[in-house]
Amino acid sequence: LLRSFEGHSRTVYSVCVTSDGKWMLSGSYDETIRKWNIATGECVNTLEGHSYWVSSVSSHNSGIVCSGSADNTVRIWDSDAKVINKTTKGPEWYVEYVRFNATGTRLLSDYSTGCTDFHGDYCVWN
C-alpha cells in the first residue's frame, strides 16, 4: 500500500484519476465527491450537490468533472471542481456510469432500469 485516502463518511463507489496523474476524484454514498492530491493524500475539495449517493465520477483533461448519482442526475462541475455548471435529470432509475469521450465533447451515461441484471439505458449528451 502506497497511500490511503481518508475523508468520506460512507462507502466509496467510484474513483478516477485525472489525465495529468496529479488528482484523484472519489464518489461516495455520503453524497459527496472529493478531489484528492495523489502525491500528498490531502483532500483539497469536497463537492456537494447530489441528494443521494454518487455512483460514478469522471474527468476530462480540460479539467471538467462529471458525476452521476442515485438521485437520477448527471452533474457537470467547473475546472476547479467547485461549482455545478449543469445538472441533467435522467430517466427514472439511478445513474450507474458516466464517462467523457476522448475529446471531451460528449458524455456517456448509463441509467439503471432497476432490473436484476442491471442492464440500463445509455444516453449520450452534447
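Conventions used here
Residues numbered from 1 in each chain as written. Predicted model: local features only at pLDDT ≥ 70, side-chain atom pairs only at ≥ 80, totals over all residues. Heavy atoms only, no water. Salt bridge = Lys/Arg side-chain N within 4 Å of Asp/Glu carboxyl O. Buried < 20%, exposed > 50% of the residue type's maximum accessible area, 1.4 Å probe, protein only. Phe/Tyr/Trp six-rings, centres within 6.5 Å; stacked < 30°, edge-to-face > 60°. Helix = DSSP H or I, 4+ residues; strand = E, 2+ residues; numbered from the N terminus. Lys NZ or Arg CZ within 6 Å of the ring centre and 35° of its normal. Contact = heavy atoms within 4.5 Å. Core = buried A, V, L, I, M, F, W, Y, C linked by side-chain atoms within 4.5 Å. Pairing = 2+ DSSP bridges. pLDDT = per-residue confidence, 0-100. Polar contact = N/O pair within 3.5 Å; in protein donor to acceptor, adjacent residues only side chain to side chain. Axes fitted to C-alpha atoms, helices over the stretch in contact; angles between N-to-C directions.

**Student:** What should I look at first to understand the pattern of salt bridges in this one?
**Tutor:** When their charged atoms lie close together, side chains carrying opposite charge are able to pair. This structure, assessed with the given rule, holds 1 salt bridge. Its salt-bridge partner being arginine 75, residue aspartate 71 comes within 3.9 Å of it at the nearest N-O pair. Given a relative accessible area of 9%, aspartate 71 falls into the buried group.

**Student:** What is the right way to look at the packing of aromatic side chains in this model?
**Tutor:** Describing an aromatic ring pair means giving the distance of the ring centres and the angle of the ring planes. Within this structure, the stated rule accounts for 5 aromatic pairs. Taking the centre distance of 4.6 Å and the plane angle of 35° together, the rings of tyrosine 13 and tryptophan 53 count as tilted. Taken together, the residues tyrosine 13 in strand 1 (residues 12-17) and tryptophan 53 in the loop between strand 4 (43-48) and strand 5 (54-59) connect sequence positions 40 residues apart. Under the relative-accessibility criterion, tyrosine 13 is labelled partly exposed at 42%. Members of the aromatic cluster, joined through ring pairs, are Tyr13, Tyr29, Tyr52 and Trp53. Note that lysine 35 overlies the ring of tryptophan 23, its terminal NZ or CZ placed 4.7 Å from the centroid.

**Student:** Where do I start with the side chain of asparagine 37 in this structure?
**Tutor:** Mapped onto the secondary structure, asparagine 37 falls in strand 3 (residues 32-37). Aside from chain neighbours lying at most four places away, what touches asparagine 37 is Phe5, Lys22, Trp23, Glu42 and Val44.

**Student:** Explanation requested: the nonpolar core in the structure shown.
**Tutor:** Nonpolar side chains in soluble globular proteins tend to end up buried together. Grouped together as the largest cluster of nonpolar side chains are 8 residues: Cys16, Leu25, Ile33, Leu47, Val54, Val57, Val65 and Trp77. Every residue in contact with isoleucine 33, bar those within four places of it in the chain, is listed here: His8, Leu25, Ser26, Asn45, Thr46, Leu47, His50, Val54, Val57, Ser67 and Trp77. Formed by 7 residues, the second largest nonpolar core is a distinct cluster that contains Ile76, Val95, Phe100 and Leu107.

**Student:** Quick question: what am I supposed to make of the pairing of strand 3 here?
**Tutor:** Consecutive side chains of a regular strand alternate in pointing toward one face of the sheet and then the other. Across the 6 residues that make up strand 3, a large majority, 6, are buried. By the alternation rule, side chains of strand 3 split into Thr32, Arg34 and Trp36 and Ile33, Lys35 and Asn37, which are all buried. Two elements, strand 2 (residues 23-28) and strand 3, share 5 bridges in a ladder whose sense is antiparallel. Across the sheet, tryptophan 23 pairs through a bridge with asparagine 37, a residue of strand 3. Where strand 3 lies against strand 4, 5 bridges are found, and the strand directions are antiparallel. Residue pairing for strand 4: lysine 35 is matched across the bridge by asparagine 45.

**Student:** Is there a simple way to think about the confidence of the model for the chain in this case?
**Tutor:** On average, residues of the chain score 81 in pLDDT, and 75% of them are at 70 or above. Ranking the elements of the chain by mean pLDDT puts strand 11 (residues 121-125) last, at 53, and strand 2 first, at 95. Within the model, the stretch residues 114-120 combines pLDDT values under 50 with 9 contacts to residues more than four positions away or in other chains.

**Student:** Quick question: what am I supposed to make of the environment of aspartate 71 here?
**Tutor:** By the secondary structure assignment, aspartate 71 is in the loop between strand 6 (65-69) and strand 7 (73-77). Between the C-alpha atoms of aspartate 71 and valine 54, which are 17 residues apart in sequence, the distance is 8.3 Å. Looking at aspartate 71, its side chain comes within polar contact range of the side chain of threonine 73, at 2.5 Å.

**Student:** Would you mind going over the sheet that holds strand 4 with me for this structure?
**Tutor:** One key point about sheets: their strands pair by backbone hydrogen bonds, in either a parallel or an antiparallel sense. With antiparallel pairing, 4 strands are arranged side by side in an open sheet as 1-2-3-4. Strands with a single pairing partner mark the edges of an open sheet, and in this sheet they are strand 1 and strand 4. Pairs of neighbouring strands in the sheet enclose a mean axial angle of 20°, with direction left out of account.

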